[in-house]
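Here's the letter readout for the chains.
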Amino acid sequence: MTSPKVLTFGCRLNAHESDVMAHLAEGENAKDTIIVNTCAVTATAERQARQAIRRAHRENPNAKIVVTGCASEVAEEKWTALPGVSRVVKNTDKLNPKHWGTPQAQAKRPSTPPSRHARALLQVQQGCDHRCTFCIIPYGRGDSRSTPLPEALERAQALVDAGHLEIVLTGVDVASWRGPNGEGFGHICRSLLKELPALQRLRLSSVDPVVLDPDKGDSDLWWLLENEPRLMPHLHLSLQAGSDLILKRMKRRHTTRSVAHSLDRIRAIRPEIGIGADLIAGFPTETDTLFQETLSFIETQKIPFLHVFPYSERPETPAARMPAVPNAERQARAALLRDAGERNKTEFLTQFVGTQQAVLIETPAQGHIASFAPFRLIDPETSPPRGTLAPIHVEYAENGTLFGILQG
């Protein structure tokens, strides 16, 4: 069966949805179809998707280009006008088999698509109820909707049955998952681990720091962090800033104090935990002093895995109407934050040198340990098969990566 070419931009949720669409659009005519799954988080992501469409049309002038994703959702007419675009599919329709028009699609269930990733992605939530002043995603994804627990369990079982040892829970605001009786995000995590004993690793994608607030956070999630080794010691926080005033202007719900408190408790429970964070550099009204607060917070909290984005104006959002920071300053601040992250990562990785770890092999001779530190075999010829867990000994760390050898 021939699959279409899929070009994916943006988040893990988009990556998961691209897998589903590729599955649904399989067929004899798929070789002439190119699906472009767009992202609206930044102007750069939109520009890259537009460039990819123009390039795809030049290289394949007879191909039918189908555009979907958040960028096309909020400005459909701009994408329809691009050369080679045959149609735009709404976010709400892109996982519906009937919108792919092939007999194969009609017979398939999108709830259990195959995964191209060694770390399989499982979507359990969609949309967002919050309206952060910088974010356009709710306009492209709608309000928060939770995947019912029985459906999530069925999808997860299918992934385990397909041989996946690790599942990554994903969504737009995954921590906002709710059950019919108000059960929180930790409940679905506990249920998955309880009902799927063959699942060896459960990992979380980006989570709102509020869910980890020690005073009002998710008690089930805290229980798992303390008691369930199959929940990976890795948390990526949608932090965005380390300045309380900027967080307030962003309309975020956490404070630097609550995040610091959470990290203290988490590291006491799991000293090896890998912490990541999303950060926006140069948010409107951010002065040098306020930026230094964020930089100091990252350095003090020693957060090793940073995703740093220079602020990008999104049309119709409140932040786009606030006094702007010059673009050059945004770029310079982003570079300083990335440098701090690299220093933190170097320090973080040193604790694993000389230890034994388990690595999920994702590409030949490469993968991640439980704490999400990247790992590479010194001798690639000894690499176990993709998708397997391999015991390794860490010999040294270099350029943000652990290097080692197989054990046993």
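The structure under discussion appears in the preceding block.
The written sequence of each chain sets the order in which its residues are numbered from 1. Given that this is a predicted model, residues contribute local features only at a pLDDT of at least 70 and side-chain atom pairs are listed and counted only at 80 or more, while totals for whole chains, interfaces and linings are drawn from all residues. Each side-chain value is derived from all of the structure's non-hydrogen atoms; neither hydrogens nor water enter the calculation.

### Some details on helix H11 (residues 256-269)
As a reminder, the rule being used: Helix numbers and strand numbers start at the N terminus; a helix is a DSSP run of H or I with at least 4 residues, a strand a run of E with at least 2. Given the number of residues in a helix, its expected span is that number minus one, multiplied by 1.5 Å. Only protein chains enter the accessibility calculation, which uses a 1.4 Å probe; a residue is then buried when its area is under 20% of its type maximum, exposed when over 50%, and partly exposed in between. Only heavy atoms matter for contacts: two residues are in contact if any of them lie within 4.5 Å across the pair.
Taking 1.5 Å per residue, 14 residues should reach 20 Å; H11 reaches 20 Å between its end C-alpha atoms and fits that length. Taken residue by residue, H11 has Thr256, Ser258, Val259, Ala260, Ser262, Leu263 and Ile266 as its buried positions. Those residues of H11 that are buried lie in contact with helix H9 (219-227), strand E10 (234-240), helix H10 (244-250), strand E11 (274-281) and helix H12 (288-301).

### A short note on the packing of aromatic side chains
Aromatic ring pairs are described here by two measures, namely the spacing of the ring centres and the angle between the planes. For clarity, the threshold we go by: The rule is short: rings of Phe, Tyr and Trp, with Trp giving its six-membered ring, pair when the centres are within 6.5 Å, and they are stacked under 30 degrees, edge-to-face over 60, tilted in between.
For the structure shown, the criterion picks out six aromatic pairs. Look at Phe305 and Phe348: their rings are 5.6 Å apart centre to centre, the planes differ by 80 degrees, and that puts the pair in the edge-to-face class. Placement of the pair is Phe305 in strand E12 (residues 305-310) and Phe348 in helix H13 (residues 327-350), with a sequence separation of 43 residues. Aromatic side chains Tyr396 and Phe403 sit 5.0 Å apart centroid to centroid with 10 degrees between the ring planes, which places their arrangement in the stacked category. Judged by its relative accessible area of 32%, Tyr396 is partly exposed. By relative accessible area, Phe403 is classed as buried at 12%. Aromatic rings pair up to connect Phe305, Phe348, Phe352 and Phe372 into one cluster.

### Brief notes about the sheet that holds strand E4 (residues 85-88)
So the rule is basically this: Following DSSP output, two strands are said to pair if at least two bridges run between them. Between N-to-C directions, angles cover 0 to 180 degrees, with each direction set by a line fitted to C-alpha atoms, over the stretch in contact for helices.
Across the sheet, which stays open at both edges, the four strands sit in the order E1-E2-E3-E4 with parallel pairing between neighbours. Every other strand in the sheet has two partners, leaving strand E1 (5-8) and E4 as the edge strands with one partner each. Strand-to-strand twist across the sheet, computed as the mean angle between neighbouring axes with direction ignored, equals 20 degrees. Here three bridges tie strand E3 (residues 64-69) to E4, and the two strands are oriented parallel to one another. From the neighbouring strand, Val66 faces E4, where its bridge partner is Arg87. Where helix H1 (residues 12-24) meets the sheet, its contacts fall on E1, strand E2 (33-38) and E3, and the angle it forms with E2 comes to roughly 160 degrees. In the packing of helix H2 (residues 43-59) onto the sheet, contacts are made with E1, E2, E3 and E4, and the angle to E3 comes to roughly 170 degrees.

### Description of the sheet that holds E12
Note: strands within a sheet are paired through backbone hydrogen bonds, in either parallel or antiparallel orientation. Across the sheet, three strands lie side by side as E10-E11-E12; this open sheet has parallel pairing. The open sheet has two edge strands with one neighbour each: E10 and E12. The sheet shows a mean angle of 15 degrees between the axes of neighbouring strands, direction not considered. Across five bridges, E10 lies against E11 in parallel orientation. Within the sheet, the bridge partner assigned to Gln240 lies in E11 and is Leu279. Packed on one face of the sheet, H11 meets E10 and E11 and runs near 175 degrees to E10.

### Some words on a nonpolar patch on the surface
Going by this rule: The patch calculation keeps residues exceeding 30% relative accessible area without a salt bridge and links them within 9 Å when they carry like charges or within 5 Å when they are nonpolar (Val, Leu, Ile, Met, Phe, Trp, Tyr). Each accessible area value is a Shrake-Rupley result obtained with a 1.4 Å probe; residue values ignore everything except the protein chains displayed when judging cover. Salt bridges are identified by distance alone: a Lys or Arg side-chain nitrogen within 4 Å of an Asp or Glu carboxyl oxygen.
Where nonpolar side chains cluster on the molecular surface, the patch consists of Ile378, Tyr396 and Ile405 and spans about 240 Å² of accessible area. Turning to its location among the elements, Tyr396 is positioned in strand E16 (residues 389-398).

### Topic: the packing of helix H7 (residues 149-161) against helix H8 (residues 185-195)
Formally: Angular relationships are summarised with four words: roughly parallel below 35 degrees, roughly antiparallel beyond 145, roughly perpendicular across 65 to 115, and oblique for the angles in between. Handedness of each helix crossing follows the sense of rotation of the near helix against the far helix: counterclockwise by less than a right angle gives left-handed, clockwise gives right-handed. Classes in brief: Ala, Val, Leu, Ile, Met, Phe, Trp, Tyr, Cys and Pro nonpolar; Asp, Glu, Lys and Arg charged; the others, Gly included, polar.
Contact geometry for H7 and H8: axes closest at 10 Å, N-to-C directions at 45 degrees. Between H7 and H8, the crossing angle belongs to the class labelled oblique. For the pair H7 and H8, the crossing hand works out as right-handed. Counted together, Leu149, Ala152, Leu153, Ala156 and Gln157 of H7 and His187, Ile188, Ser191, Leu192 and Glu195 of H8 form the full contact between these two elements. Considering only residue class, the contact of H7 with H8 consists of six nonpolar, three polar and one charged.

### Some points on the packing of H8 against H9
How two helices sit against one another is set out by the angle between their axes and by the gap between those axes. Their axes nearest at 6 Å, the elements H8 and H9 cross at an angle of 45 degrees. Viewed along their axes, H8 and H9 adopt a mutual orientation that is oblique. Only Asp220, Leu221, Trp223 and Leu224 of H9 make contact with H8, whose side of the interface consists of Phe185, Gly186, His187, Cys189, Arg190 and Leu193. Partitioning the contact of H8 with H9 into residue classes produces six nonpolar, two polar and two charged.

### Describing a positive patch on the surface
Formally: We score Asp and Glu as negative and Lys and Arg as positive, and we do not count His or the chain ends. In this description, the location of a charge corresponds to atom NZ of lysine, CZ of arginine, CG of aspartate or CD of glutamate.
A grouping of Lys5, Arg54, Arg55 and Arg58 is seen on the molecular surface, where their side chains present a positively charged patch. By residue number, the principal contributor to the positive patch is H2, which donates three residues. Overall, the relative accessible area of 59% leaves Arg58 in the exposed class.

### A few points about the pattern of salt bridges
Counted under the stated rule, the structure contains 21 salt bridges. Here Arg203 ties to Glu166 by a salt bridge, and the two come within 2.6 Å at their closest N and O atoms. Taken together, the residues Arg203 in strand E9 (residues 201-204) and Glu166 in strand E8 (residues 166-170) connect sequence positions 37 residues apart. With respect to class, Arg203 is no different from Glu166; both count as buried. For Asp220, the salt bridge identified is with Arg190, shortest N-O distance 3.1 Å. One end of the pair, Asp220, is in helix H9; the other, Arg190, is in helix H8, with 30 residues separating them in the sequence. Through salt bridges with shared partners, a single network forms among Glu286, Asp288, Glu329 and Arg333.

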